[in-house]
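Residue-level listing of the chains:
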Amino acid sequence: MKIPKSYWYYWHTGNKFVAVISMILSAAVTGLVLALSIGFSMWGIILAVLLDSIGFLVVLIYVAVRGYLPSLVLEQCDAFILYQFVVPLCIAFLVGRLITFWVAKLKWFAIA
C-alpha cells in the first residue's frame, strides 16, 4: 500500500476536487471520532484539521520549553498537551491521510 498523501498535495497539484472533498470528510470524521472518544476538544480539532502535520511542531515546541516550567504546573501542562493536542493530532493525521487516499483512489477509479 502506498503512503497516503496529504490533501495539501492535491491543492498544489491542481486537483482541488480531491482536496476539498478530503478536507470536508476529514473534518467531519475527525470531529465525530474526537467527540465520541475523548470529549469535544475544539482546540484539538482546529489544530488537527487545519494545521495537519504542523501541529506536531507545537508539541515539539512544548517539549523544548517543558524544562523551564515550574514543577507545580508540569503535570497539568503535560495532561493538557497530551489530551488536547497529541491525541487529536495523531487521530487527525491518520484519519486525514486515509480519507485523502481513498478519495483520490475513488476519483481516479471513477475517471478510468
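Residues numbered from 1 in each chain as written. Predicted model: local features only at pLDDT ≥ 70, side-chain atom pairs only at ≥ 80, totals over all residues. Heavy atoms only, no water.

> Can you walk me through the nonpolar core in this structure?
Generally speaking, a soluble globular protein has its nonpolar side chains buried in company with each other. By size, the foremost hydrophobic cluster in this structure holds seven residues: Tyr10, Val18, Ala19, Val95, Ile99, Val103 and Ala104. Broken down by secondary-structure element, the contributors of at least two residues to this core are α2 (16–37) and α5 (71–111). A total of four residues in this core trace back to one element, the largest contributor, which is α5. Once you skip the residues sitting within four places of it in the chain, valine 95 turns out to touch Ser26, Val29 and Thr30. Counting six residues, the second largest nonpolar core, distinct from the first, contains Val59, Tyr62, Phe85 and Leu89. (Core = buried A, V, L, I, M, F, W, Y, C linked by side-chain atoms within 4.5 Å. Buried < 20%, exposed > 50% of the residue type's maximum accessible area, 1.4 Å probe, protein only. Helix = DSSP H or I, 4+ residues; strand = E, 2+ residues; numbered from the N terminus. Contact = heavy atoms within 4.5 Å.)

> Teacher, can you tell me more about the environment of valine 29 here?
Tracing the chain through its elements places valine 29 in helix α2. Residue contacts for valine 29: discarding those within four places in its chain leaves Val95 and Ile99.

> Would you explain α2 in this entry?
For an α-helix, 3.6 residues make a turn, and residues three or four places apart therefore share a direction. Compared with the 32 Å implied by 1.5 Å per residue over 22 residues, the 31 Å span of α2 between its first and last C-alpha is a close match. Along α2, the residues classified as buried are Val18, Ala19, Ser22, Ser26, Thr30, Gly31 and Leu34. (Expected span 1.5 Å × (residues − 1).)

> Even after reading the chapter, I still don't get the side chain of serine 22, so can you show me in this structure?
Structurally, the position occupied by serine 22 is in helix α2. Note on serine 22: relative accessible area 0%, which makes it buried. A distance of 2.6 Å separates the side chain of serine 22 from the backbone oxygen of valine 18, its partner in a polar contact. Discounting chain neighbours no more than four positions away, the residues touching serine 22 are Tyr7, Ile99, Thr100 and Val103. (Polar contact = N/O pair within 3.5 Å; in protein donor to acceptor, adjacent residues only side chain to side chain.)

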